[in-house]
Amino acid sequence: ISGPLCFAGDLIARAVELPALEVYDIVVLEEAGGNTLSMATSHCSRRRPPVYGYSRPGMGAREADGEGGTPVAGNVTFSRISKGTSLEAVLSVWSDE
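Residues numbered from 1 in each chain as written. Predicted model: local features only at pLDDT ≥ 70, side-chain atom pairs only at ≥ 80, totals over all residues. Heavy atoms only, no water.

J.: Quick question: what am I supposed to make of the overall build of the protein chain here?
T.: The number of helices and strands found in the protein chain is 2 helices and 3 strands. Each helix and strand of the protein chain, placed in order from N terminus to C terminus, yields the pattern α-β-β-β-α. With 97 residues in all, the protein chain has 7% of them scored as buried. Within the protein chain, contacts between residues at least 6 apart in sequence are counted, and of these 44% link residues at least 24 apart. Accessible area of the protein chain: about 8,300 Å², with a carbon and sulfur share of 53%. (Helix = DSSP H or I, 4+ residues; strand = E, 2+ residues; numbered from the N terminus. Buried < 20%, exposed > 50% of the residue type's maximum accessible area, 1.4 Å probe, protein only. Contact = heavy atoms within 4.5 Å. Areas by Shrake-Rupley, 256 points an atom, 1.4 Å probe, with all protein chains shown as cover.)

Right, here's the structure in full:
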């Protein structure tokens, strides 16, 4: 499991077997991404992705940014923690204005 970049931090796991995935399936990588986001770059006009947290009943998680979450199957609720970088913000680097 790896991302689209060409550096060692882009590799999540080797020799992992996953169940068959369908369109709209959700894959959660717990405890991942903190260092990757802090090292993010706009190289090749890459955008920072939005970041979501999740909770289940009894986890005691707070609502991110005061926004409510979106319940999905299995009583799991997702809340957006960060919007990520818009395409316009990335392209503004190339603007003369």
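J.: Before we go on, may I ask you to explain the environment of Thr-77 in this structure?
T.: Along the chain, the position of Thr-77 falls in strand E3 (residues 76–82). Sequence separation between Thr-77 and Arg-56 is 21 residues; the distance between their C-alpha atoms is 6.3 Å.

J.: Which parts of the structure should I look at to understand a nonpolar patch on the surface?
T.: Together, Ile-1, Ile-12, Val-16, Leu-18, Leu-21, Val-27 and Leu-29 make up an exposed nonpolar region whose accessible area comes to about 630 Å². Mapped onto the secondary structure, Ile-1 falls in the segment before helix H1 (34–38). (Patch = residues over 30% accessible without salt bridge, like charges linked within 9 Å, V, L, I, M, F, W, Y side chains within 5 Å. Salt bridge = Lys/Arg side-chain N within 4 Å of Asp/Glu carboxyl O.)

J.: Just to check I follow, could you spell out unusual backbone geometry for this structure?
T.: Glycine aside, the phi torsion of most residues is negative, and most peptide linkages are trans. Despite not being glycine, Ala-15 has its phi angle at roughly 50°, a positive value. As for its position among the elements, Ala-15 is in the segment before H1. Even without being a glycine, Tyr-24 presents a positive backbone phi close to 80°. Inspection of the secondary structure puts Tyr-24 in the segment before H1. Under the relative-accessibility criterion, Tyr-24 is labelled exposed at 80%.

J.: I keep staring at the confidence of the model for the protein chain and nothing clicks. Help me out?
T.: Detailed reading of the predicted coordinates is not advisable wherever pLDDT falls low. When pLDDT is averaged along the protein chain, the result is 74, and 68% of the positions lie at 70 or above. The low-confidence segment residues 61–66, where pLDDT is below 50, has 7 contacts with residues more than four positions distant or belonging to other chains. (pLDDT = per-residue confidence, 0-100.)

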